[in-house]
Each structure stands twice: as C-alpha cells, then as structure tokens.
Amino acid sequence: MQPRRGIKHALSKKTVSYMSEIILGIESSCDDTSAAVIRDGYLLSNVLASQEVHRAYGGVIPELASRAHQLNIVPVVSEAITRAGISPSEIDAIAFTRGPGLLGSLLVGTSFAKGLSLALDKPLVEVNHLQGHILANFIRQYDKDNLQPEFPYLCLLVSGGNSQIVRVDSPLEYEILGQTIDDAVGEAFDKCSKMMGLGYPGGPIVDRLAREGDPLKFRFSKPHVPGLDYSFSGVKTSLLYFVRDRMAEDPDFMEKNKADICAGFQKTLIDILMDKLIKAARQTGIRQITIGGGVSANSGLRARIEEEGRKRGWTTFLPEFKFTTDNAAMIAIAGWFHYRNGKRTGLEVAPVSRLAEF
Ligand code: KG4
C-alpha cells in the first residue's frame, strides 16, 4: 500500500509524523527522454522515451537527440505526473540532470525544468547524472524488498561515457578512486559491435552473443595501468588487429566465430573491470559493493560480481535493469537527497557537458 501525503505512517518500527515530499525528476543527458515522480523515496512513476532515430547511424547523433528531446519532453513529463496520480501543484521540487552529457540534449531538460519551476512556483534542484547512477539502489518500490547498501560502499560506475570506481560515504559524499584514462567500457562494447557489423547499441548485442560463445577460445590483451584507473582503448585496438589479421586468412572468419569473439572480448572487459574493483575493495576494506550505469545491465558482469561477492564476503547490490540505463527515477532520488539537504538551484544555472565542470 502507498503511504499518503502528510499523514502518519510507519517508518521501520517507529511511527512518525511528517509532510511527505514529492520530487519530479527529469533526465535528458543523452538519447533517452525520461521523467519520474517519487514520494519519500518511493517510485510513483518512471516514463522513458528512447530515441530509435540513432540506430540507422550506428551511434547517437547529438543534433537529432536534441530534436527528439524537444518532441518528447512535454508528453513524457505529463505522462509521469498522470501515472503518479498526483496533481502538478503537489510537486515539492523539480530535479533535473545538469550534466555531464550532450549539451544540446541537456539544454532541453534544463530549460524545460526551469520553465516548469516558474510556472508551478516550485524550486529547482540540479543533479549530476553520475550521482544518479551511484544512488540508483536507493529508489524504493512498493511491494519490493528495497534492500539498500550501507555506507560506505563502492560503486562500479560503468556506462557509455564513464568507467569509475567510486567510494560513497553518504548520499551526498563520494570520492572517485579510479577512472578510465581514455575510453569508457561502454564505448568498447559499442565499438566491438560496430567493428563486427553487429548493430547499435553494441552492449546488449555483444552480451547476447557472448552467452552463446566460448570465452576462452580467443584472448585479448589487458592493459597495465597503475593504481585503480582503467584503460579500454588498447583492448579495442587489439580486437581490431585480431579481426583484421584473421579475416585476411579467412574472409568468413568473423561470421563463423562471432559468438566466441564476443565472449572472449566481453570476458576481457569484465576481467579488467573486476581486477581493479577487487583491488579497491581490498585497499579500502569496504565490502558493500554496488554497480551502476548502462553496462551494469551486462549479464556476464552481473554474474561475475555476484560470484566474486560470494567468494570474498561482499554484499552486492545490482540495480534492476530499468534503473541501469539512463532514467529519471535515479535523478529524482538523487534530487530528493539534495532537496532534503537544503540544496536549491537558481534559474541562472546552465547545463554542463563535462564532469570536470561540476
Ligand atoms: O548509462 P547509459 O545508458 O548511457 C550513458 O552512457 O550515460 O549507458 C549506455 C552504454 C552503451 O555503451 C551500451 O552499449 C551499454 O551501456 N550497455 C551494455 C548493455 N546494455 C547497455 N553494455 C554491455 N552489456 C549490456 N547488456
């Protein structure tokens, strides 16, 4: 049953009284337009419009993404409010993704959030997209267990734009322990698929094929990067040369071996990710491990995290698939934490495309 606004209801074993808080989240950092409503951390709605237009080009075309966001933003936000069963006046704050991401895409969500904030006279709360991914495990759903990590925890944040190990000390305090010095792991998945002519986005395709292949038949070189940082450009090049050389000997090589190539390549990427995550857990002594970002949907990576968790006494938290890729529920939850902490964003705020600008 859903607790009602402004009434007494049970929180753990104590009965407390408080005004509940409703946050509308808006996400438009790349090629998904999404809006979500949460009440006191519980998800009331999460609406997502993905942009099929990019498929034909084998990658996201920024200009087309901005245009599609313009078309989608009004119906998506409106649908999220309707599905939540609230009236717009009940919203306490509007959380939106300020960055990082594609600037034209971010401009649509940011400008819309500002307009709505003025129209409804509700405060704005800016959210760092990556923080949304890091906090995705805190989205509560009615009729679910809602198990959540304890602080401090480590989050392996893996997407099309980032590969990081983040130490999270509280909802609003975190430290990047390691990150990629070149490509993101999602890019490596996407490039692999593109090189092999398998389609876009590459991650889910490589994942599906890898399940049918032998991960030990072909091996790819792993980089030697000091500390907890990652590198994925070398393994991509290693795949390129491997395919080129084998195809020179047998033009049908790729077609005959695509499942095994995907399985070997995916295993290499997962090994690279896990080596550093294990090192980070050892160095920090932290055993609460979470994962976030689009690549956290990968079935091989999820299985491996659970396997290592069993072996090493970690408690692992894997977000539901719908919260792995870009979604506004994670922006709403991160926005809620900020809102409760007193953060308010002025109308003068502009979106930022790069993490370093935060
Ligand atoms: O977090 P996300 O939706 O967008 C950003 O990059 O912000 O991540 C997208 C990335 C893409 O590179 C996509 O190929 C990858 O996540 N991805 C996957 C899987 N599903 C999505 N990679 C590997 N296995 C998957 N199942």
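Residues numbered from 1 in each chain as written. Predicted model: local features only at pLDDT ≥ 70, side-chain atom pairs only at ≥ 80, totals over all residues. Heavy atoms only, no water.

## Quick look at the site of the ligand
Move 1: In the vicinity of the ligand there are 18 residues, among which G160, D190, D207, G294 and N298 approach most closely.
Move 2: Measuring from a nitrogen atom of the ligand, one finds a side-chain N or O atom of D207 at 2.9 Å.
Move 3: In the model, a nitrogen atom of the ligand is placed 3.0 Å from a nitrogen or oxygen of the N298 side chain.
Move 4: Within the complex, 86% of the 550 Å² of free accessible area of the ligand lies under protein.
Move 5: In terms of residue class, the shell around the ligand is built from four nonpolar, 11 polar and three charged.
Move 6: Looking at the shell around the ligand, you find at least three residues from each of domain 1 (9-146 + 326-340) and domain 2 (153-322). (Near = heavy atom within 4 Å. Polar contact = N/O pair within 3.5 Å; in protein donor to acceptor, adjacent residues only side chain to side chain. Areas by Shrake-Rupley, 256 points an atom, 1.4 Å probe, with all protein chains shown as cover. Nonpolar A, V, L, I, M, F, W, Y, C, P; charged D, E, K, R; others polar. Domains from an automatic or database assignment.)

## Topic: the sheet that holds strand β10 (residues 173-179)
Move 1: Across the sheet, which stays open at both edges, the five strands sit in the order β10-β9-β8-β11-β12 with mixed pairing between neighbours. Of all the strands in the sheet, just β10 and β12 (315-317) have a single pairing partner and so form its edges. Each strand axis lies, on average, 25° off the axis of its neighbour in the sheet, ignoring direction.
Move 2: Examined bridge by bridge, strand β8 (residues 153-158) and strand β11 (residues 288-292) share four bridges and lie parallel to one another. Following the sheet pairing, C155 is matched in β11 by T290.
Move 3: Most of the contacts of helix α7 (residues 253-284) go to β8, to which it runs at about 160°, and overall it touches β8, β9 (163-170), β10 and β11. (Pairing = 2+ DSSP bridges. Helix = DSSP H or I, 4+ residues; strand = E, 2+ residues; numbered from the N terminus. Axes fitted to C-alpha atoms, helices over the stretch in contact; angles between N-to-C directions. Contact = heavy atoms within 4.5 Å.)

## A few points about the sheet that holds strand β3 (residues 22-27)
Sheet strands pair by backbone hydrogen bonding; their relative direction is either parallel or antiparallel.
Move 1: The mixed open sheet is built from five strands, whose spatial order is β5-β4-β3-β6-β7. Two strands close off the open sheet at either side, each with one partner strand: β5 (42-50) and β7 (124-128). The mean angle between the axes of side-by-side strands here comes to 20°, regardless of whether they run parallel or antiparallel.
Move 2: Relative to strand β6 (residues 93-99), β3 runs parallel, the two sharing four bridges. Its bridge partner lying in β6, L24 is registered against I94.

## Description of the environment of N162
Move 1: Relative to the helices and strands, N162 resides in the loop between β8 and β9.
Move 2: Note: C-alpha distance between N162 and D183 (21 residues apart in sequence) is 7.9 Å.
Move 3: Ignoring any residue separated from it by four or fewer positions in sequence, one finds N162 in contact with L130, L157 and A184.

## Details of the environment of V53
Move 1: Considering the arrangement of structural elements, one finds V53 in the loop between β5 and α1 (62-84).
Move 2: The exposure class assigned to V53 is partly exposed, which follows from its relative accessible area of 37%.
Move 3: When the C-alpha positions of V53 and A65 are compared, they lie 8.2 Å apart, and in sequence the two are 12 residues distant. (Buried < 20%, exposed > 50% of the residue type's maximum accessible area, 1.4 Å probe, protein only.)

## A few points about helix α4 (residues 185-195)
Move 1: Of all the positions in α4, only V185, G186, A188, F189, C192 and S193 are classed as buried. For α4, the angular spread of buried residues about the axis comes to 160°, placing them on one side.
Move 2: Looking at the buried residues of α4, the elements they touch are β8, β9, α5 (202-210), α6 (233-249) and α7.
Move 3: Phi turns positive one or two residues past the end of α4, at G197, with a value near 65°. (Arc of directions from axis to C-beta.)

## Details of the domain arrangement of the protein
Move 1: For the protein, the domain assignment lists domain 1 (9-146 + 326-340) and domain 2 (153-322).
Move 2: Taking the mean C-alpha position of each, domain 1 and domain 2 sit 27 Å from one another.
Move 3: Each side of the interface is counted separately: domain 1 has 19 residues, and domain 2 has 23 residues.
Move 4: A buried area of about 1700 Å², summed over both sides, lies between domain 1 and domain 2, and 58% of it is on carbon and sulfur atoms.
Move 5: On the domain 1 side of the interface with domain 2, the three residues burying the most area are H133, I134 and N137, jointly 33% of the side's total.
Move 6: Where domain 1 packs against domain 2, one counts one salt bridge.
Move 7: Put simply, K144 and E320 hold a salt bridge, and the shortest N to O gap is 3.0 Å.
Move 8: Residue assignment for the side of domain 1 that touches domain 2 shows that the elements contributing at least two residues are α3 (129-134) and α9 (328-340).
Move 9: At four residues, α3 tops the list of elements feeding residues into the side of domain 1 that touches domain 2. (Buried area = accessible area lost by both parts, 1.4 Å probe. Salt bridge = Lys/Arg side-chain N within 4 Å of Asp/Glu carboxyl O.)

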